[in-house]
Amino acid sequence: QQQVKQSPQSLIVQKGGISIINCAYENTAFDYFPWYQQFPGKGPALLIAIRPDVSEKKEGRFTISFNKSAKQFSLHIMDSQPGDSATYFCAASSSARQLTFGSGTQLTVLP
Amino acid sequence: DTEVTQTPKHLVMGMTNKKSLKCEQHMGHRAMYWYKQKAKKPPELMFVYSYEKLSINESVPSRFSPECPNSSLLNLHLHALQPEDSALYLCASSSGPGITDTQYFGPGTRLTVL
């Protein structure tokens, strides 16, 4: 119930392509869904977040799509750049404020 | 400024040593967290402090001892660690008890236990 399932584990995309990472959850108490980006040797940094009352949120090249009925959400990175190469974690939290992380996706953008 | 700082960046210690990790934030946040992260894994929650009181302890072994001296500082005291405790230790903070608090992470302390 507390799990957030993330796929794929790794993703290789050509520069300029679209990167898509998917997450699914079971716990309907989750009401906040952030995505974090982590570079090697660094802490996770918040990329973008969404609440379940909207189906899509866009910030620059990054878009979250949210499907409440399917309990799924995804991150789309448009025009992917080599500098986007990092590990991406989806997460979910409820009123307890504890973040439940997905297992992570290692993204490599080829130049 | 959304910065959480952590010191030291790297720490190597023996199993009999006592050391401390430090975390600081000046964003006025009232919740602070310790996470442990192994390579290629997501962060695992260890402790949560809310308004300087320990609110969550995720069944962490007693060789890890957290301390929150004030609302800006969070320490993690380490004693008699095991080699499997080697990991990246992350501190995070968030503004308060709101249900959509964003957690801001520090850069972490890379701990190696010999």
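Right above here is the structure, for reference.
Figured I'd write up the structure that's included with this text. (Residues numbered from 1 in each chain as written. Chains lettered and ligands numbered in written order. Predicted model: local features only at pLDDT ≥ 70, side-chain atom pairs only at ≥ 80, totals over all residues. Heavy atoms only, no water.)

The next thing to look at is the nonpolar core. In terms of nonpolar packing, the biggest core is built from 24 residues, with V4, F33, W35, F73, L75 and Y88 of chain A touching the most fellow members. When residues of this core are traced back to their parent elements, those giving at least two are strand 2 (10-14), strand 3 (19-25), strand 4 (33-38), strand 5 (45-50), strand 7 (62-67), strand 8 (72-77), strand 9 (86-93) and strand 11 (105-110) of chain A. For this core, the element with the highest residue contribution is strand 9 of chain A, accounting for four residues. Counting residues in each nonpolar core, the second largest holds 22 residues, with M13, C23, M32 and Y49 of chain B among its members. (Core = buried A, V, L, I, M, F, W, Y, C linked by side-chain atoms within 4.5 Å. Buried < 20%, exposed > 50% of the residue type's maximum accessible area, 1.4 Å probe, protein only. Helix = DSSP H or I, 4+ residues; strand = E, 2+ residues; numbered from the N terminus.)

The next thing to look at is empty space enclosed by the protein. Residues and elements named next belong to chain B. Tallied over the entire structure, the rule returns one cavity of 30 Å³ or more. By volume, the largest cavity is sized at about 50 Å³. What lines the largest cavity is simply H29, R30, A31, M32, Y49, Y51, E52, C68, N70 and S71. Elements represented by at least two residues in the lining of the largest cavity include exactly strand 4 (31-37) and strand 7 (64-70). Here the residues of the lining of the largest cavity sort into five nonpolar, three polar and two charged. (1 Å grid on protein atoms, 1.4 Å probe; cavity = no way out; pocket = protein on both sides within 12 Å on 5 of 7 lines; lining within 4 Å. Points joined across faces, edges and corners; volume = space filled by probe spheres on them. Nonpolar A, V, L, I, M, F, W, Y, C, P; charged D, E, K, R; others polar.)

Residues and elements named next belong to chain A. Inspection of every chain in the model, using the stated rule, returns two disulfides over all chains. The side chain of C23 participates in a disulfide bridge whose partner is C90; the two sulfur atoms lie 1.9 Å from each other. Its torsion about the S-S bond being -100 degrees, the disulfide of C23 and C90 is classed as left-handed. One end of the pair, C23, is in strand 3; the other, C90, is in strand 9, and 67 residues separate them in sequence. (Disulfide = S-S within 2.5 Å.)

Our focus in this paragraph is the side chain of N75 of chain B. Along the chain, N75 of chain B falls in strand 8 (residues 73-79). Among all residues touching N75 of chain B, those that are not within four sequence positions of it are L21, K22, W34, S65, P66, E67 and P69 of chain B. (Contact = heavy atoms within 4.5 Å.)

Attention now goes to the interface of chain B and chain A. A common way to report how large an interface is uses the accessible area buried once the components associate. At the junction of the two partners, chain B supplies 27 residues and chain A supplies 21 residues. Both sides of the chain B and chain A interface together cover about 1700 Å² of buried area, and 54% of this is carbon and sulfur. Applying the counting rule to chain B against chain A returns zero salt bridges. At the junction of chain B and chain A, the tally comes to three residue pairs in polar contact (both at pLDDT 80 or more). Sort the elements by how many residues they give to the side of chain B that touches chain A and strand 4 of chain B lands first, with four residues. Of the residues contributing to the side of chain B that touches chain A, the split by class is 14 nonpolar, nine polar and four charged. (Buried area = accessible area lost by both parts, 1.4 Å probe. Salt bridge = Lys/Arg side-chain N within 4 Å of Asp/Glu carboxyl O. Polar contact = N/O pair within 3.5 Å; in protein donor to acceptor, adjacent residues only side chain to side chain.)

All names here are of chain A. Inspection of every chain in the model, using the stated rule, returns five salt bridges over all chains. The partner of D84 in a salt bridge is R61, with the nearest N and O atoms 2.8 Å apart. Residue D84 is located in the loop between strand 8 and strand 9, and its partner R61 is located in the loop between strand 6 (56-59) and strand 7; the two are separated by 23 residues in the primary sequence. By relative accessible area, which is 5% here, D84 ends up buried.

None of this, on its own, says anything about what the molecule does.
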